[in-house]
Amino acid sequence: MDKSVINLTNSQMLLTYVFVIIAMVITSFNGLNRNKEFIIGTIRMTLQLFIAGFVLVYIFDSSSIILSTLMILLMEFFAIFNIVSTKKGQLSKGLIGSIVIAQLIGTIFTLIFFLILVVRPNPIYDPQYLIPLGGMIIGNSMTGINLALNQMLKSIENKRVNIEGALMLGASPRMAMDKIIQDAFDTAITPSLNGIKNMGIITLPGMMTGQILGGVSPLIAIRYQIAIMTAILSSVTICVFFFLRFGYKRFFNDQCQLVANEK
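Rules used throughout
Residues numbered from 1 in each chain as written. Predicted model: local features only at pLDDT ≥ 70, side-chain atom pairs only at ≥ 80, totals over all residues. Heavy atoms only, no water. UniProt positions renumbered as here; feature names shortened; annotations may be inferred. Salt bridge = Lys/Arg side-chain N within 4 Å of Asp/Glu carboxyl O. Helix = DSSP H or I, 4+ residues; strand = E, 2+ residues; numbered from the N terminus. Buried < 20%, exposed > 50% of the residue type's maximum accessible area, 1.4 Å probe, protein only. Phe/Tyr/Trp six-rings, centres within 6.5 Å; stacked < 30°, edge-to-face > 60°.

An unreviewed UniProt entry annotates the protein chain as Iron export ABC transporter permease subunit FetB of Anaerococcus martiniensis. Quoted verbatim from the Sequence similarities (unreviewed entry) field of UniProt, the annotation for the protein chain is "Belongs to the UPF0014 family."

Here the structure, examined in full by the defined rule, presents four salt bridges. In this structure, the salt-bridge partner of E37 is R34, at a minimum N-O distance of 2.7 Å. Note that E164 and R160 form a salt bridge whose closest N and O atoms lie 3.9 Å from each other. Residue E164 and its partner R160 are both found in helix α7 (residues 160-168); the two are separated by four residues, about one turn of the helix. Judged by its relative accessible area of 33%, E164 falls in the partly exposed class. Among the residues examined, R160 registers a relative accessible area of 29% and is labelled partly exposed.

According to the stated counting rule, one finds five aromatic pairs in the structure shown. Between the aromatic rings of F77 and F81, the centroid separation amounts to 6.3 Å while the plane-to-plane angle is 15 degrees, which identifies the pairing as stacked. Placement of both F77 and F81 in helix α4 (residues 65-85) is noted, with a separation of four residues, approximately one turn of the helix. With a relative accessible area of 45%, F81 lands in the partly exposed category. Taken together, a centroid distance of 5.3 Å and an interplanar angle of 80 degrees make the contact between F241 and F242 edge-to-face. A connected cluster of aromatic rings, assembled from ring pairs, spans F77, F78 and F81.

Have a look at this one:
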């Protein structure tokens, strides 16, 4: 395959916003007033992507290790910020620290392993590979931690009496939280597992589709897609494991008592 990419003109791109209008009409017809969110979300997406596009063009042209590293760190910062901001006022400093540690450990380990041993670009920090691959790994790991966090907070709220009862009977905090941790872990990794099972039959994923549209052979695109999906699954699993491993302790005091998640 050696076809050039069809460039979308401004008028062609504007036509795609008809899809947003269709979604707004359907939700309004069903009695949901989400039009403001649709409009704000679409505007934010457009502005953010154009800004990111201009920044990436500059970084790709410079091939600077400093700029590439700063871009990855910026992605990590906003990923962590998105997790924390959705639970504003509900998270202690210790729990936020667990989120930061888990996100950085899982994503950085996976990304370094993926670049050095699998893709092997030259130089290893080549932004053409580092930033897109890093973005997919970081974004999916953020989602995994967020799902685990939501499930854990919900379960602790609903099962506080059960947890305290287990502690009174002599269970350790880890034993009292065992089922909650298992459920949170399962909830967090299920989307990645479902994505792998359905890929190639029900869906053609974004990375593969993008490469094919860019003229890359489907067989090459498939290899990259398999590689990134296994990396994403690994990163999500590692991040969620470390978050749950450290995070559950933040709900107990030094006397192993279940406490409010003090800020």
